[in-house]
Amino acid sequence: MPNQQSKTTWLLAALIAHAGWGAYVVIGRYLQTVANLPTLSILVVGTTPMWLVLFFHTLPRVGWRVFADRTVQIMAVFALARAATNLLAARYTLAIYIQLIYLLTPFIVVLINRIFLRDHVPKGTLIAVTFSIIGATLVLSDKLTGSGISFDLTPRDWLGMGIALLSCVSLAAYMLAVRNTANSPVSGFDALVVQSIFVWTLSLAISLASGEAWGRWLDIDRTTILVELAHIVFIIFAANTLQIVAIRHIGAPTVSAIMPFRLVSTLLLSWLLLGERLKTWWQAVGATIVLITVSLYLWRQRGGDGKR
């Protein structure tokens with residue numbers, strides 16, 4: 001068990017990772033809707049630097065056998081699914097809406113554990129889900145009157161949120177896979193390198209096969225270059241690595257417990273980079289309800305004492 005100082009350090013690492021993943025939705029939306037870059041090409045460009053890390057860091061230390069680790073292979077599959085659906089969802093709807101969907105991940109983890117591992121459902125899950133749905137409904141609403149709630153969501157919004165839900169399932173499965181690497185001889189950073197190479201290879205193959213317009217990269221401006229650099233440094237490298245090592249040191253439940261911070265990161269960066277923000281007081285109330293509900297639920301479950 002980590003001591004208190006060490007635990008605080010890894011909690012801070014997890015917080016930074018979640019801030020990065022909250023920013024990822026916004027960056028992905030900017031690169032696709034403002035810079036008009038093809039979805040899979042963004043993944044390819046973002047993970048290309050990992051080849052340098054592979055040849056100059058990972059292979060000299062552990063060799064090609066790192067690719068034979070079964071758990072790392074499983075992580076790579078879920079990482080690709082998570083990354084692709086994460087970006088694709090951002091093409092169709094607002095980053096704020098997507099992050100709301102992502103906050104359902106803890107409940108999906110509970111569902112997966114219940115179905116496949118026969119774990120108990122934590123106490124308070126139904127109440128937390130109910131309040132989260134109420135909060136999300138307020139955020140998604142267009143008008144709130146005495147006669148009811150109305151929505152102004154387009155088919156693209158529904159498509160984006162549907163893809164985000166698939167991304168949630170991928171993230172839940174990924175986090176469970178990471179938990180199983182605690183006793184793996186492969187370090188967290190090396191696991192990140194391997195999964196990034198898998199993501200690069202498959203993304204490039206699918207991108208070329210589908211005929212994505214790579215020529216768009218020749219016309220990007222300075223702002224897009226800075227955003228892409230932030231994507232590579234703060235998300236591909238920093239957020240990924242910090243999330244893996246934090247889960248290994250303090251466990252998935254504790255890391256998940258501060259996941260709602262992603263919504264704060266998304267709200268702030270959406271406003272600064274995309275000009276997207278909550279427009280009404282009830283949307284702000286709804287976001288607060290979701291943030292508090294999920295936070296309290298996850299903190300209560302950290303020690304496992306909330307199960308029945």
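Reading the values: rules and limits
- Residues numbered from 1 in each chain as written.
- Predicted model: local features only at pLDDT ≥ 70, side-chain atom pairs only at ≥ 80, totals over all residues.
- Heavy atoms only, no water.
- Helix = DSSP H or I, 4+ residues; strand = E, 2+ residues; numbered from the N terminus.
- Buried < 20%, exposed > 50% of the residue type's maximum accessible area, 1.4 Å probe, protein only.
- Areas by Shrake-Rupley, 256 points an atom, 1.4 Å probe, with all protein chains shown as cover.
- Lys, Arg positive; Asp, Glu negative; His and termini not counted.
- Charge placed at Lys NZ, Arg CZ, Asp CG, Glu CD.
- Salt bridge = Lys/Arg side-chain N within 4 Å of Asp/Glu carboxyl O.
- Expected span 1.5 Å × (residues − 1).
- Phe/Tyr/Trp six-rings, centres within 6.5 Å; stacked < 30°, edge-to-face > 60°.

Caption draft 1: Quick look at the overall build of the protein. Counting its regular elements, the protein contains 13 helices and two strands. Residues counted as buried form 51% of the 308 residues belonging to the protein. Surface accessibility of the protein: about 14700 Å² in total, with carbon and sulfur atoms responsible for 67%. If the 23 positive side-chain charges of the protein are averaged to one point and the 12 negative ones to another, these points end up 10 Å apart.

Caption draft 2: A look at the pattern of salt bridges. Scanning all chains against the criterion turns up three salt bridges. With a closest N to O distance of 2.7 Å, Glu 276 and Arg 29 form a salt bridge. Taken together, the residues span a long stretch of sequence, with Glu 276 in the loop between helix H12 (261-274) and helix H13 (281-301) and Arg 29 in helix H1 (residues 4-34) at a distance of 247 residues. On the basis of relative accessibility, which here comes to 11%, the residue Arg 29 falls in the buried class. Asp 219 is paired through a salt bridge with Arg 216; the nearest N and O atoms lie 3.8 Å apart. Since its relative accessible area comes to 54%, Asp 219 is described here as exposed. Since its relative accessible area comes to 26%, Arg 216 is described here as partly exposed.

Caption draft 3: Structural context of helix H6 (residues 105-116). Between its terminal C-alpha atoms H6 stretches 16 Å, which fits the 16 Å expected from 12 residues at 1.5 Å a residue. The complete set of buried residues in H6 reads Thr 105, Pro 106, Phe 107, Ile 108, Val 109, Val 110, Ile 112 and Asn 113.

Caption draft 4: Helix H4 (residues 70-92), seen in detail. Here H4 is 23 residues long and its end C-alpha atoms lie 34 Å apart, about the 33 Å a rise of 1.5 Å per residue gives. All of the buried residues along H4 are Val 72, Met 75, Ala 76, Ala 79, Leu 80, Arg 82, Ala 83, Thr 85, Asn 86, Leu 87, Ala 89 and Ala 90.

Caption draft 5: The packing of aromatic side chains, seen in detail. This model, assessed by the stated rule, comprises eight aromatic pairs. Relative to Phe 198, the ring of Phe 67 lies with its centre 6.1 Å away and its plane at 55°, an arrangement referred to as tilted. In this pair, Phe 67 sits in the loop between helix H3 (50-62) and H4 while Phe 198 sits in helix H9 (residues 188-210), placing the two residues 131 residues apart along the sequence. We classify Phe 198 as partly exposed; its relative accessible area is 29%. Among the aromatic residues, ring-to-ring pairing joins Trp 51, Phe 55, Trp 64, Phe 67, Phe 198 and Trp 200 into one connected group.

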